[in-house]
Amino acid sequence: MNSNRSYSRFKTEFKVRPDDIDMFNHVHNSTYFDYVLAARYEQMEAHYGMSMEEFLSQGFGWVVKTAYVDYKRPLTLGDSFVVETGISELQERGCKVIFTIVNKKTNKICSDGWFDYVLIEIKSGRSARVTPEMIERYSI
């Protein structure tokens, strides 16, 4: 697959909730993963036209193989922020998704990074090849 190809990026807006806050009065580090996963879930349906439910109905699922997050600035209670994500690389058995989280008030990056996802067959739990239909629908 062509790893030099450029793919679309999409944005989803959230607001920090009280249950996102840790004992240091900012968003707990693991919650940034939740923000990215929630944004991807919404974007899969809204922008690619192939939701997670559709993958599941076909017997497939996406699992995180590797995740990298670079924390730059904290988010705090009530902050509105935008999670921008996009595929950076489609692979034979998965994809790499890059992300940026930006505080709306300051317009500064709070964190960025990437996730390597592997497509799995639900029944076997083993990796599966990305289908031509998936490639077509996600190559925007």
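Shown above is the structure to which this text applies.
Since this is a predicted model, take the numbers as computed values, not measurements.

1. Describing empty space enclosed by the protein
Right, on to step 1. Inspection of the entire model under this criterion finds one cavity of 30 Å³ or more.
Right, on to step 2. Computed from the structure, the largest cavity encloses a volume of approximately 30 Å³.
Right, on to step 3. Around the largest cavity, the lining residues are Trp62, Ile87, Leu90, Cys95, Val130, Met134 and Tyr138.
Right, on to step 4. Secondary structure elements with two or more residues in the lining of the largest cavity: strand 3 (80–91) and helix 3 (132–138).
Right, on to step 5. Here the residues of the lining of the largest cavity are counted per class, giving seven nonpolar, no polar and no charged.

2. Observations concerning the packing of aromatic side chains
Right, on to step 1. Within the structure shown, the criterion is met by 13 aromatic pairs.
Right, on to step 2. Centre to centre, the rings of tyrosine 48 and tyrosine 138 are 4.1 Å apart; their planes meet at 15°, and the pair counts as stacked. Highlighted residues: tyrosine 48 in the loop between helix 1 (29–46) and helix 2 (52–57) and tyrosine 138 in helix 3, separated in sequence by 90 residues. Considered together, tyrosine 48 and tyrosine 138 belong to a single accessibility category, that of buried residues.
Right, on to step 3. Ring geometry for phenylalanine 55 versus tryptophan 62: centroids 5.6 Å apart, planes at 75°, classification edge-to-face.
Right, on to step 4. Taking the relative accessible area as the measure of exposure, tryptophan 62 reaches 17% and is therefore buried.
Right, on to step 5. Linked through ring pairs, Phe10, Tyr48, Phe55, Trp62 and Tyr138 together constitute an aromatic cluster.
Right, on to step 6. The lysine or arginine in question, lysine 96, covers the ring of tryptophan 114, its NZ or CZ lying 4.1 Å from the ring centre.

3. A word on the side chain of asparagine 103
Right, on to step 1. Tracing the chain through its elements places asparagine 103 in strand 4 (residues 94–103).
Right, on to step 2. Among the polar contacts listed, one links the side chain of asparagine 103 to the side chain of aspartate 79, at a separation of 3.4 Å.
Right, on to step 3. Ignoring anything within four residues of it in the chain, the contact list for asparagine 103 reads Leu75, Asp79, Ser80, Phe81, Lys108 and Cys110.

4. So, the layout of surface pockets
Right, on to step 1. Looking at the largest pocket, its volume works out to about 200 Å³.
Right, on to step 2. Lining the largest pocket are Leu37, Arg40, Tyr41, Met44, Met52, Phe55, Trp62, Ile87, Cys95, Val97, Tyr117 and Tyr138.
Right, on to step 3. Mapped onto the lining of the largest pocket, the elements with two or more residues apiece are helix 1, helix 2 and strand 4.
Right, on to step 4. The dominant element in the lining of the largest pocket, judged by the number of residues it contributes, is helix 1, at four residues.

5. Some words on helix 1
Along an α-helix, a turn takes 3.6 residues, which lines up residues three or four apart on a common side.
Right, on to step 1. When the terminal C-alpha atoms of helix 1 are compared, their 27 Å separation across 18 residues agrees well with the 26 Å that a helix rising 1.5 Å per residue should span.
Right, on to step 2. Three or more residues of helix 1 are buried, namely Thr31, Tyr32, Tyr35, Val36, Ala39, Arg40, Gln43 and Met44.

How each quantity is defined
- Residues numbered from 1 in each chain as written.
- Predicted model: local features only at pLDDT ≥ 70, side-chain atom pairs only at ≥ 80, totals over all residues.
- Heavy atoms only, no water.
- 1 Å grid on protein atoms, 1.4 Å probe; cavity = no way out; pocket = protein on both sides within 12 Å on 5 of 7 lines; lining within 4 Å.
- Points joined across faces, edges and corners; volume = space filled by probe spheres on them.
- Helix = DSSP H or I, 4+ residues; strand = E, 2+ residues; numbered from the N terminus.
- Nonpolar A, V, L, I, M, F, W, Y, C, P; charged D, E, K, R; others polar.
- Phe/Tyr/Trp six-rings, centres within 6.5 Å; stacked < 30°, edge-to-face > 60°.
- Buried < 20%, exposed > 50% of the residue type's maximum accessible area, 1.4 Å probe, protein only.
- Lys NZ or Arg CZ within 6 Å of the ring centre and 35° of its normal.
- Polar contact = N/O pair within 3.5 Å; in protein donor to acceptor, adjacent residues only side chain to side chain.
- Contact = heavy atoms within 4.5 Å.
- Expected span 1.5 Å × (residues − 1).

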